[in-house]
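Residue-level structure breakdown
So you can see what is in the structure, the chains are spelled out below.
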Amino acid sequence: MQVSSTSLSSKLLLPALLFSLLTACKDDDNTVAQADLTLQFQHLVNAAPLRLHTTYTSPAGDTYQVHDLKYYISNVKLLKANGDVLYVEPESYHLISAADGKTSFTLHNVPVGTYDKLEFSVGVDQQHNHRIDHQGDLDPSSDMVWDWDTGYKFLLLEGTYTGNTKSGGLVFHIGEDANYRTFSFPLTSPLHIRTDPAYTLQLNTELDALFQNPHLIDFDELNTAMGGENARKLADNYTEGFFSLIQKQ
């Protein structure tokens, strides 16, 4: 019996095609799925949303208004409960600005997995703090850098105040390598990144904490800080209750 060349070719092609399909499926199964995770920051005064140019009373009893509030969130990581780092955001520098309405950023391509802790820093690490040729949120046009020697302003708060004996402008520009601070937040429940395309974690920033603990800030005595001991007091304060994690996903 004579077999046609077309029939023979078809019989040889079929196994090869099946092998290719099985190999493709295997490759797909080994692909690590990814999702996006958004960090949303809400600014508060005494647990109520911050309103710029609105009069508030500080923990020391002074009245004040906030006209501008900015700070850098950097080097964001996701960790296991034992401290093992599972995800590190590349080029991780984000400027949060209340006046500009820039209060969130998104971590892209977070691998599927279970995460127990969130870690980030306030400020710009020493490796990047003394260069002013960066782009993106570190671009010097953001008005958040002094010069290459002094570096970046990690946190900026500007406004006005009326104290018991004085009134005038509030100017807090906190920088310097010694005031770079890192925060770690255990998640109230593990973050299970699975098949959904996007997740969100909310963080609150409480201005009362910035003026209260461990240093009570009396605006009659301290209303300007651009370095040195006064800046250190504000940096100490933003490590104690300024940030809190409100988990939602």
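A short tour of the structure in this document, coming up.

**Things to note about the overall build of the chain**
Scanning the chain from terminus to terminus reveals four helices and 15 strands. Here the chain holds 249 residues, and 42% of them are scored as buried. Here the contacts in the chain between residues at least 6 apart in sequence split such that 72% fall between residues at least 24 apart. Total accessible area computed for the chain in this model is approximately 12,900 Å², and 51% of it derives from carbon and sulfur atoms.

**Structural notes on the nonpolar core**
Membership of the largest hydrophobic core comes to 62 residues, with the highest contact counts inside it found for Phe120 and Phe172. Here the element with the most residues in this core is strand β4 (residues 63-79); it accounts for eight residues. In this view, Phe120 contacts Phe41, Ile73, Ser74, Asn75, Val76, Arg181, Thr182, Phe183, Phe185, Leu203 and Phe243; residues no more than four positions away in its chain are not counted.

**Details of the environment of Gly123**
Residue placement: Gly123 occurs in the loop between β8 (113-122) and α2 (126-129). Taking the relative accessible area as the measure of exposure, Gly123 reaches 0% and is therefore buried. Distance in space between the C-alpha atoms of Gly123 and Lys153 is 7.4 Å, their sequence separation being 30 residues. Among all residues touching Gly123, those that are not within four sequence positions of it are Tyr72, Ser74, Phe154 and Tyr180.

**As for the pattern of salt bridges**
Opposite charge on two side chains permits them to pair, given that their charged atoms come into close proximity. Evaluated as defined, the whole model comprises six salt bridges. Between Arg232 and Glu229 there is a salt bridge; the shortest N-O distance is 2.2 Å. Of this pair, Arg232 and Glu229 both sit in helix α4 (residues 228-238), separated by three residues, roughly a single helical turn.

**Some remarks on the packing of aromatic side chains**
Tallying each qualifying case throughout the model produces 21 aromatic pairs. With centroids separated by 6.2 Å and ring planes inclined at 70°, the aromatic side chains of Phe41 and Tyr71 adopt a geometry described as edge-to-face. Separated by 30 residues along the polypeptide, Phe41 in strand β1 (residues 34-45) and Tyr71 in strand β4 bring together distant segments of the chain. Grouping residues by exposure puts Phe41 and Tyr71 together as buried. Where Phe242 meets Phe243, the ring centres are 4.9 Å apart and the plane angle is 70°; that geometry is what we call edge-to-face. Clustering of aromatic rings is evident, with ring pairs tying together Phe41, Tyr71, Phe105, Phe120, Phe183, Phe185, Phe242 and Phe243.

**Examining the side chain of Ser92**
With respect to the helices and strands, the residue Ser92 is situated in the loop between β5 (85-88) and β6 (93-97). Residue classification places Ser92 among the buried positions, given a relative accessible area of 2%. A polar atom in the side chain of Ser92 sits 2.9 Å from the backbone nitrogen of Val76. Apart from residues lying up to four places away in sequence, Ser92 is in contact with Ile73, Ser74, Asn75 and Val76.

**Some thoughts on the pairing of strand β10 (residues 151-162)**
Burial within β10 is extensive, with nine of its 12 residues counted as buried. With eight bridges connecting them, β4 and β10 associate as antiparallel partners. The residue bridging Lys70 from the neighbouring strand is Leu156, located in β10. Summarising the sheet, strand β9 (residues 145-147) and β10 pair through two bridges and their orientation is antiparallel. Each bridged residue has a counterpart across the sheet, and for Asp147 the counterpart in β10 is Gly151. Two successive antiparallel strands, β9 and β10, enclose a turn made up of three residues. The turn joining β10 and strand β11 (residues 167-175), which pair antiparallel and follow one another in sequence, is formed by four residues.

What counts and what doesn't
- Per chain, residue numbering runs from 1 following the sequence as it is written.
- Per-residue local features are limited, in this predicted model, to residues with pLDDT of at least 70; the limit for side-chain atom pairs, both in listing and counting, is 80 or more; totals at the level of whole chains, interfaces and linings are taken over all residues.
- Computation of side-chain values: all heavy atoms of the structure, hydrogens and water removed.
- A run of H or I in DSSP becomes a helix once it reaches four residues, and a run of E becomes a strand once it reaches two; helices and strands are each numbered from the N terminus.
- Here's how the labels work: a residue is buried when its accessible area is under 20% of the maximum for its type, exposed when over 50%, partly exposed in between, all with a 1.4 Å probe on protein chains only.
- Contacts: residue pairs with any heavy atoms within 4.5 Å of one another.
- For the area figures, the Shrake-Rupley method with a 1.4 Å probe applies, and any residue is considered shielded solely by the protein chains shown.
- By nonpolar core we mean a set of buried residues, namely Ala, Val, Leu, Ile, Met, Phe, Trp, Tyr and Cys, connected to one another through side-chain atoms within 4.5 Å.
- Between Lys or Arg on one side and Asp or Glu on the other, a salt bridge is scored when a side-chain nitrogen of the former is within 4 Å of a carboxyl oxygen of the latter.
- Note on ring pairs: Phe, Tyr and Trp rings are taken, using the six-membered ring of Trp, and paired if centres are within 6.5 Å. Classes follow the plane angle, with under 30 degrees stacked, over 60 edge-to-face and the rest tilted.
- Counted as a polar contact is a pair of N or O atoms within 3.5 Å, where, for protein atoms, one must be capable of donating a hydrogen and the other of accepting one, and residues adjacent in sequence contribute only when both atoms are in side chains.
- Here a strand pair is declared whenever DSSP counts at least two bridges between the two strands.

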